[in-house]
Amino acid sequence: MSLLSSVGLSEKEALIYDILMSSGEKPASSIASLAHMNRTTCYRILYDLEKKGLVNHRDLGNKIHFRLDHPQKLLDFADKQLKTQEQARHDLAQLLPSLVSSYVLSVEKPVIAMFEGVKGLKEIYQDTLREKKSIFAVLTTAEVEPELFAWLTSYYGKARARAHISAKVIVSSGEWSKEYERKNTEELRETVMVSQSLFPFQHEVDIYGDKVAFINYKKGDPLIGFIITNKQIAKTMKAWFDLAWKGATIA
């Protein structure tokens, strides 16, 4: 019964499914008796199982008999449930930025989300794509964790450009910074390079919409990142970025 419940059947649906599996075709009254439930409830559950494609019925004499469909239908039902859940998760991910914004406005305090590992840091970059806002960043291209570096250079920059999300980046000079600058046009980016010795950036800061992300992707360090969602914090950080950008471009 626990397996049946795991694919999306309720406890009572799983019980009746088990009864039909062990006893074969039976009238609804007999099934209700075996399940120790009243007939009205039993009929409702049987017809729910029929809607899910797991049970069928036929009139035999003056009674309605129910029997299971082939067990393959149970796998079909599980696949359908999985697709529904995946679609729900996708829809929720699309809606999440507006939900978070509403939450921030309602509680008037920053929302801080933490992410760990390569998968977690990728989720931060995916969030910048979902927001669809221009990105203002400070970063270093040196000593980036290899798996994440490969994903950023092969996928993320191109995906951001395809989504028409522009970026302004203050980048610390060093390993791969010249190649990063060379890809400015194709990756819809403006870059200002500053001296690594004068400005030894250790990680990345991204400002986008009402969010600020701090990302530590340094090879050998714990991979950890934060997204702070708060309009006032993002506004302050953007002003700080504008000041730094102006100073870097004048220099």
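Our subject is the structure that appears above.
Draft legend 1. The arrangement of a nonpolar patch on the surface in detail. Together, Leu92, Leu95, Leu96 and Leu99 make up an exposed nonpolar region whose accessible area comes to about 340 Å². Its place among the elements puts Leu95 in helix α5 (residues 72–107).

Draft legend 2. Spatial organisation of the environment of Pro97. Its location among the elements puts Pro97 in helix α5. When the C-alpha positions of Pro97 and Lys219 are compared, they lie 30 Å apart, and in sequence the two are 122 residues distant.

Draft legend 3. Region of the structure containing the pairing of strand β7 (residues 189–194). Pairing of strand β6 (residues 167–172) with β7 involves six bridges; the strand directions are parallel. Paired with Ala167 across the bridge in β7 is Arg189. In this view, the connection linking β6 to its parallel neighbour β7 by way of helix α8 (residues 177–182) has right-handed handedness.

Draft legend 4. Looking closely at unusual backbone geometry. The backbone phi angle of His36 is positive, close to 55°, even though this residue is not glycine. The residue His36 is located in the loop between α3 (28–35) and α4 (39–51) in this model. The exposed category is assigned to His36, whose relative accessible area is 75%. Phi at Glu143 takes a positive value of approximately 60°, unusual for a residue other than glycine. Within the element layout of this structure, Glu143 appears in the loop between β5 (135–140) and α7 (146–162). Here Glu143 falls in the partly exposed class, since its relative accessible area comes to 41%.

Parameters at a glance
- Residues numbered from 1 in each chain as written.
- Predicted model: local features only at pLDDT ≥ 70, side-chain atom pairs only at ≥ 80, totals over all residues.
- Heavy atoms only, no water.
- Patch = residues over 30% accessible without salt bridge, like charges linked within 9 Å, V, L, I, M, F, W, Y side chains within 5 Å.
- Areas by Shrake-Rupley, 256 points an atom, 1.4 Å probe, with all protein chains shown as cover.
- Salt bridge = Lys/Arg side-chain N within 4 Å of Asp/Glu carboxyl O.
- Helix = DSSP H or I, 4+ residues; strand = E, 2+ residues; numbered from the N terminus.
- Pairing = 2+ DSSP bridges.
- Right-handed = clockwise from strand over helix to strand, strands pointing away.
- Buried < 20%, exposed > 50% of the residue type's maximum accessible area, 1.4 Å probe, protein only.

On their own, these measurements won't tell you what the molecule is for.
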